Amino acid sequence: MNYNEALEKLSKCGQEHALKYYDELSDSEKLELLAQIEATDFSVTLTCQNGKEESKKGEISPLAAMQLDEIESRRDEFKTAGVEAIKAGKVGAVLLAGGMGTRLGSDNPKGMYNIGITKDVYIFERIISNLLDVVRETSTWIHLFIMTSDKNHEATTKFFDEKNYFGYNKEYITFFMQEMAPATDYNGKVYMEEKGKIATSPNGNGGWFISMAKWGVLDIIKKAGIEWLNIFAVDNVLQRIADPVFVGATIINNAAVGSKVVRKAARDEKVGVMCLEDGRPSIVEYYELTDELMDAKDANGDPAYNFGVILNYLFRVADLEEIMNKNMPLHIVEKKIPYIDENANLVKPESPNGYKFETLVLDMIHLLDSCLPFEVVRNREFAPIKNKTGVDSVETARELLKENGVEL
Ligand code: UTP
């Protein structure tokens, strides 16, 4: 792409200022900026220039979760089916680690965060250790795919290498990168992070399967005969991955996706809850949950929307392939975005200063025909680290880890 082509592309979305410093750049910087402009989809910025449009929810009705008592009474049956699938190599795991973890406020990838007290305990280490439990239990190495982004790929892969993959068999670990999206101010104008570089941000966790396809990772999945992918967030240090009981329950129920859920701690807790939307599985976000829905009761008189998602899903690969090219809603999220000011000085804002554009994995659920919400014991499987202190923080996760006998 040459300068004029770049200018034309930018002007269609009102982003010509991205070339403001072009004449000051070295030849190689010029080429890099032109290549970035060529590769970037600026149309997302029009969404917010045209006003923030929230997509309207359809009609919400309850979706029953499989609860602990049923799981307990059928544990052996589920476990046998799950172990069998894992041993047959049909289950893979996908760690979503492309996020920026801005709320935690560390410059390193979130998984490199050390939550130890008397010794080093990294978030990545906790995750690998949890997965190793199942590897030992089933005497089978489980393929682990790790999604990174342009912002943290190098640091993440180097860290795993340095730490010798925390004892995991590296033959079974594959990294792939997600796409980036431009980041803008509140008027939808892209920020520059350097004179020759547009500020970008990972495009959300909803594009993970398409990114796997783009990176050729689907070939590995096909070759290995993987039929189920357990995707999970980087920040829940207690979660069970490729949990045989969950795998077995999802397979036996012939669900397109299984979703681990926890019973809500309060009627207005800030978690997305499982539901049906226009008769299809879906997740209603806490800010979309009206008083009426919060107080609704199911046939047993229990709260009808009482099970929150924890970003741990088991997807059937065949169904993912069917939905992979379907449109997903774009979410506009307020974030702290480093940028250069009018004097070209780098500013790292303390509070949100603009928008990034994301698709979310939870929106994939609504594209599928069936979903099994599967209850897990909250204090045993849910210790998210979003913040340094307070709610869902390093502090709360440490307490939960100790409660579960993990030495820190
Ligand atoms: P979060 O919603 O917590 O987002 O991600 P985040 O961007 O990492 O953190 P904040 O909001 O800036 O503090 C939930 C999971 O999805 C992954 C994250 O790494 C985490 O495992 N994620 C998020 C991606 O893989 N890519 C993204 O673009 C966004």
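Quick note: structure is the one above.
Residues numbered from 1 in each chain as written. Predicted model: local features only at pLDDT ≥ 70, side-chain atom pairs only at ≥ 80, totals over all residues. Heavy atoms only, no water.

A. Structural detail: the packing of helix H5 (residues 75–87) against helix H6 (residues 123–138). In the contact formed by H5 and H6, the axes pass within 10 Å of each other and the chain directions differ by 90°. Comparing the axis directions of H5 and H6 gives the class roughly perpendicular. For the pair H5 and H6, the contacting residues are Lys79, Val83, Ile86 and Lys87 in the first and Val134, Glu137 and Thr138 in the second. Tallied by class, residues from the contact of H5 with H6 come to three nonpolar, one polar and three charged. (Axes fitted to C-alpha atoms, helices over the stretch in contact; angles between N-to-C directions. Helix = DSSP H or I, 4+ residues; strand = E, 2+ residues; numbered from the N terminus. Parallel < 35°, antiparallel > 145°, perpendicular 65-115°, else oblique. Contact = heavy atoms within 4.5 Å. Nonpolar A, V, L, I, M, F, W, Y, C, P; charged D, E, K, R; others polar.)

B. Just empty space enclosed by the protein, in detail. Here the structure, examined in full by the defined rule, presents one cavity of 30 Å³ or more. There is about 30 Å³ of room inside the largest cavity. Every residue lining the largest cavity is listed: Leu63, Ala65, Met274, Ala304, Tyr305, Asn306, Phe307 and Pro373. Across the lining of the largest cavity, the residue classes break down as seven nonpolar, one polar and no charged. (1 Å grid on protein atoms, 1.4 Å probe; cavity = no way out; pocket = protein on both sides within 12 Å on 5 of 7 lines; lining within 4 Å. Points joined across faces, edges and corners; volume = space filled by probe spheres on them.)

C. Inspection of the site of the ligand at higher detail. Close to the ligand lie 20 residues; Leu96, Thr102, Arg103, Gln178 and Lys386 are nearest. One of the backbone nitrogen or oxygen atoms of Gly98 is found 2.9 Å away from an oxygen atom of the ligand. For the ligand, an oxygen atom lies 3.1 Å from a polar atom in the side chain of Asn205. Here the ligand, which alone exposes 560 Å², has 91% of that area covered by the protein. (Near = heavy atom within 4 Å. Polar contact = N/O pair within 3.5 Å; in protein donor to acceptor, adjacent residues only side chain to side chain. Areas by Shrake-Rupley, 256 points an atom, 1.4 Å probe, with all protein chains shown as cover.)

D. Quick peek at the packing of helix H1 (residues 3–11) against helix H2 (residues 27–39). With their axes 10 Å apart at the nearest point, H1 and H2 run at an angle of 40° to one another. Accordingly, the angle class assigned to the pair H1 and H2 is oblique. Relative to H2, H1 is oriented so that their crossing is left-handed. Of the residues in H2, those touching H1 at Tyr3, Ala6, Lys9 and Leu10 are Leu34, Ile37 and Glu38. Its residues assigned to classes, the contact of H1 with H2 comprises five nonpolar, no polar and two charged. (Left-handed = near helix turned anticlockwise from the far one by under 90°.)

E. Structural context of the environment of Asn2. Relative to the helices and strands, Asn2 resides in the segment before H1. On the accessibility criterion, Asn2 (39% relative accessible area) is partly exposed. In terms of polar contacts, Asn2 uses its side chain to reach the backbone amide nitrogen of Glu5, at 2.8 Å. (Buried < 20%, exposed > 50% of the residue type's maximum accessible area, 1.4 Å probe, protein only.)

F. Molecular detail of the pairing of strand S9 (residues 228–233). Most of S9 is tucked away, with six of its six residues classed as buried. Burial of S9 is two-sided: the residues Trp228, Asn230 and Phe232 facing one way and the residues Leu229, Ile231 and Ala233 facing the other way are all buried. For S9 and strand S13 (residues 307–316), the ladder comprises five bridges, and the chain directions are antiparallel. Across the sheet, the residue bridging to Asn230 is Leu314, located in S13. (Pairing = 2+ DSSP bridges.)

None of the figures reported here should be taken as evidence of function without further support.
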